[in-house]
Amino acid sequence: VNNNEQIPQLFRNNTLVASGSKGSPATEIQILPTLDWSYVCSVAATQNYTLASTSQIYSVAKTSPSIHLTLNGQEADVPINYGTQSDATGWVDFADAGAVTRLYRNGTQVASGSPASDILKLDSGVYNYTYVYEESANHGFASVTRFLTVLRLPSASLLHLALQGSESDQTITYETTSD
């Protein structure tokens, strides 16, 4: 208001949220959830000025959540050897209170929350891990998928041949016995 007589009033969805003073604006600083908000600023008539109001719609749209999924500390598909412990962990940087997040291994839920982890030793094979953020009040649906490949160990590394208690090559004479 550019005069010293009228007091501006600010309404959001028909609720008074701020009043100014003569010659100063009515302001509101607020973090609003996703919705269309109807703002109206009005001033009452005075001896020298008429009643006036103006309105605007302020739309707050949903945003995509920032979600992460690591396999053994890497945000990438990861190969590991059989017998190695695996660690799949998903988390959200920012979330609505009560947001639903789930961690799946091969389509079966194994954990929930933020962070959500699945730490264990797996048999050889390929495992599909997916971390899901369900749509919430202010964030849309999001998911991230990674593949953990558990490699077979070569059989040769498990075989041991010992002659006379030694695993190295040996030369023996004919009369000597061997175990």
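The structure this text deals with has already been given above.
Below is a short write-up of the structure. (Residues numbered from 1 in each chain as written. Predicted model: local features only at pLDDT ≥ 70, side-chain atom pairs only at ≥ 80, totals over all residues. Heavy atoms only, no water.)

Here the structure, examined in full by the defined rule, presents five salt bridges. Between Glu135 and Lys62 there is a salt bridge whose closest N-O contact spans 2.6 Å. On the criterion of sequence distance, the pair formed by Glu135 in the loop between strand E11 (125–133) and strand E12 (142–151) and Lys62 in the loop between strand E4 (52–60) and strand E5 (67–71) is long-range, its members being 73 residues apart. Two residues, Arg146 and Glu75, come together in a salt bridge whose shortest N-O distance is 3.9 Å. Taken as a pair, Arg146 in strand E12 and Glu75 in the loop between E5 and strand E6 (78–81) lie far apart in primary sequence, 71 residues in all. According to the relative accessible area criterion, Glu75 is partly exposed, its value standing at 41%. (Salt bridge = Lys/Arg side-chain N within 4 Å of Asp/Glu carboxyl O. Helix = DSSP H or I, 4+ residues; strand = E, 2+ residues; numbered from the N terminus. Buried < 20%, exposed > 50% of the residue type's maximum accessible area, 1.4 Å probe, protein only.)

Turning our attention to the environment of Pro8. Relative to the helices and strands, Pro8 is located in the segment before strand E1 (9–12). Sequence separation of Pro8 and Ala18 is ten residues, and the distance between their C-alpha atoms is 8.5 Å.

On to the sheet that holds strand E7 (residues 85–92). If you walk across this open sheet you meet the three strands as E5-E7-E10, and the pairing is antiparallel. At either margin of the open sheet sits one strand with a lone partner, and together these are E5 and strand E10 (116–121). Adjacent strand axes in the sheet meet at a mean angle of 5 degrees when their direction is disregarded. Of the pairings in the sheet, the one linking E7 to E10 comprises six bridges and is antiparallel in character. Residue pairing for E10: Asp87 is matched across the bridge by Ile119. (Pairing = 2+ DSSP bridges. Axes fitted to C-alpha atoms, helices over the stretch in contact; angles between N-to-C directions.)

One key point about sheets: their strands pair by backbone hydrogen bonds, in either a parallel or an antiparallel sense. Overall, mixed pairing links the five strands, which are arranged E6-E12-E11-E8-E9 in an open sheet. Both edges of this open sheet fall to E6 and strand E9 (108–112), since each of them pairs with a single strand only. Averaged over neighbouring strand pairs, the angle between their axes works out to 25 degrees when direction is ignored. In terms of strand pairing, strand E8 (residues 101–105) meets E9 through four bridges, oriented antiparallel. Bridge pairing in E9 places Arg102 opposite Ser112.

Next up on the list: the packing of aromatic side chains. As enumerated under the stated definition, the model contains one aromatic pair in all. Centroid distance Tyr39 to Tyr58: 6.4 Å. Interplanar angle 80 degrees. Geometry classified as edge-to-face. In this pair, Tyr39 sits in strand E3 (residues 35–43) while Tyr58 sits in strand E4, placing the two residues 19 residues apart along the sequence. The buried category is assigned to Tyr39, whose relative accessible area is 16%. Here the basic side chain of Arg12 rests over the ring of Trp37, its NZ or CZ set 5.2 Å away from the ring centre. (Phe/Tyr/Trp six-rings, centres within 6.5 Å; stacked < 30°, edge-to-face > 60°. Lys NZ or Arg CZ within 6 Å of the ring centre and 35° of its normal.)

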